[in-house]
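Per-entry structural report
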Amino acid sequence: MLRIDEVGRRFPGGTEALRGVSLDVGAGDFVALLGPSGCGKSTLLRLVAGLDAPSAGAITWAARPKPGEIGFVFQDPVLLPWATAGQNVALPLDLTHREADGAVIEALGRVGLADFVHAYPRQLSGGMRMRVSIARALVTRPRVLLLDEPFAALDEFTRNNLQEDLLGLWSSLGCTVLFVTHSIWEACFLARRLVLMTPRPGAVAAIVDNPLPPDAATRLDPAYARFVADVTRAMQSALGGAGRDEVLA
Amino acid sequence: MRGAAAGFGLLVLALWEAAVRFFAVPRYILPGPIAIVQAFVADPLGLLAALGSTLAVTFAALVAAAVLGGGLAMAMASSRMARAAILPWAVALQVTPIVAIAPLIIVWVNDPFASLVVCATIVAFFPVFANTAAGLDAVAPELRELFQLYGAGRWAVLTRLRIPSALPYFLAGLRISGGLALVGAVVAEFVAGSGGFASGLAYRILEAGYRLQVPRMFAALVLLALAGVAINAGLGAFGRWVLRTRGDAA
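Residues numbered from 1 in each chain as written. Chains lettered and ligands numbered in written order. Predicted model: local features only at pLDDT ≥ 70, side-chain atom pairs only at ≥ 80, totals over all residues. Heavy atoms only, no water.

**Comments concerning the overall build of chain A**
Here is the rule: Only DSSP runs of H or I with at least four residues qualify as helices, and only runs of E with at least two residues qualify as strands; both kinds are numbered from the N terminus onward. What the globule rule says is 2.2 Å times the number of residues to the power 0.38, and the radius of gyration is computed from C-alpha atoms. Burial classification: accessible surface area is computed with a 1.4 Å probe over protein chains only, and a residue below 20% of its type maximum counts as buried, one above 50% as exposed, and the rest as partly exposed. A contact between two residues is defined here by any heavy atoms of the two lying within 4.5 Å. The method behind every accessible area is Shrake-Rupley, applied with a 1.4 Å probe, and residues are considered shielded solely by the protein chains displayed.
When its secondary structure is counted, chain A shows 8 helices and 9 strands. In terms of overall dimensions, chain A is globule-like: its C-alpha atoms have a radius of gyration of 18 Å, near the 18 Å expected for 249 residues. Summarising its shape, the C-alpha atoms of chain A cover approximately 50 × 45 × 30 Å along the three principal directions. Within chain A, the fraction of its 249 residues that count as buried is 54%. A separation of at least 24 residues holds for 70% of the contacts in chain A among residues at least 6 apart in sequence. Accessible area for chain A stands at about 10300 Å²; split by element, carbon and sulfur atoms hold 51% of it.

**Some points on the sheet that holds strand β6 (residues 144–148) of chain A**
Residues and elements named next belong to chain A. The condition is simple: One requirement defines pairing of two strands: DSSP has to find at least two bridges between them. With axes taken as lines fitted to C-alpha atoms, and helix axes fitted only over the stretch in contact, angles between N-to-C directions fall between 0 and 180 degrees.
Strand order in the open sheet formed by 6 strands is β5-β6-β7-β3-β8-β9, and the pairing between neighbours is mixed. Only two strands of the sheet have a single neighbouring strand rather than two, namely β5 (70–73) and β9 (204–209). Neighbour-to-neighbour, the strand axes of this sheet turn through a mean angle of 15°, independent of strand direction. Sheet strands in contact with helix α5 (residues 156–173) are β3 (30–34), β6 and β7 (176–181), and its direction is about 140° off that of β3.

**Description of the packing of helix α2 (residues 85–95) of chain A against helix α4 (residues 126–138) of chain A**
All names here are of chain A. Put simply, the rule is: Here the angle decides the label: under 35 degrees means roughly parallel, over 145 means roughly antiparallel, 65 to 115 means roughly perpendicular, and every other value means oblique. In this scheme the crossing of two helices becomes right-handed for a clockwise turn of the near helix relative to the far one and left-handed for an anticlockwise turn of less than a right angle. Three classes are used: nonpolar for Ala, Val, Leu, Ile, Met, Phe, Trp, Tyr, Cys and Pro, charged for Asp, Glu, Lys and Arg, and polar for all others, with Gly counted as polar.
Two elements in contact, α2 and α4, have axes separated by 7 Å at closest approach and are oriented at 30°. By the angle class used here, α2 and α4 are roughly parallel. Between α2 and α4 lies a crossing whose hand is right-handed. Of α4, the residues touching α2 (which contributes A85, N88, V89 and P92) are V132, A135 and R136. Along the lines of polarity and charge, the residues of the contact of α2 with α4 split into 5 nonpolar, 1 polar and 1 charged.

Here's what the structure looks like:
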């Protein structure tokens, strides 16, 4: 579905964020990009979204997505403060000239906020705002969902709930998910494939398949802790010295 | 807390009145508060009519500044060429002393009311212009990227994102411009008054000054100060109402 081929990104100031990143993503995959801050995970996500262009290499799609076929969830919910939850979720439909036809209520319903369609962002908690942001990304029924550390700023309880919700949405919608995180626990719980990245300039150090089932019970499974330990060891060797403490924290 | 402010004000007035009486300061040097009130009571309609005239100029200038400042800021936001063309002139207009160009404007613009409005607009224009321009540029980068992701054109970005984002900045600028419009109106009236237009409070101040009616001068000044406070408070309340109605403020 998506091929990232020897992609590099060097910014005008000279900072090299990515070097020689190659990755194949199949339809329906759930891939986590895992690495310390500054290793180019978000840059890679923005390149995939078409929000930035690579300095080297190429990103090719089996079928190039049209506007609305990629959903993006940012680290902060970034909702329009003057618009209700329903209006925020409807925004992608308006911008891509699609009919709503109940899609807004459906998307809000998927994240458990159907009753909050008329609420303004200031009336919602941080977790609820993030749910609205996810509903906004889902409302166009995208083929690809890109999430850039969406749960990093949330408390652990809200984060766990949203992680389980995201797994449920992925199972029911069947879309392809690229999920950026610097939490090994989060990546091991959510993703079916983990892409371990080196510190700047970011490159793929290893790709690890997740043998655990994608459901809430995994959290209490001793195999989960063992898998996290395996990935931690792989990450340690990928990182060498730089960024180790941050990722292993 | 509001009671404390009023109490302090009354205390200051009482001390002022007592000091003027104790030191027997002549009225033409410094009148006491009671003399000022008496001067107002002697001709309330004349002073209030003059205040009405000044406020008419002020509000006309404020509307003109809002339209001109908001419009030019939007033009700047929509094109780099427009920004390069407009910004230096806007700054030049802001740093030019209005007292220096008011006589010219009064000569050029035939209608006295319009000439006063032009002068006051020049003074009031910049805050609303600069604030709106800052607001149009202060959109969260993630929201810009969201619009880009969904293929939004420049017009959609301007009307659906940048202009709504700039509204709080525009309202803050409008509040500053309200006070400046009053200042601009008074300055223009001073210049025009010396040229023979008899209308606003500034003219009344000039007239009272020529006649050494200092308590009347003070009465006019108090009216101006109260008008300034009312404009500021009114525009602040208006801004809060707009944002509350729109939903982005509690």
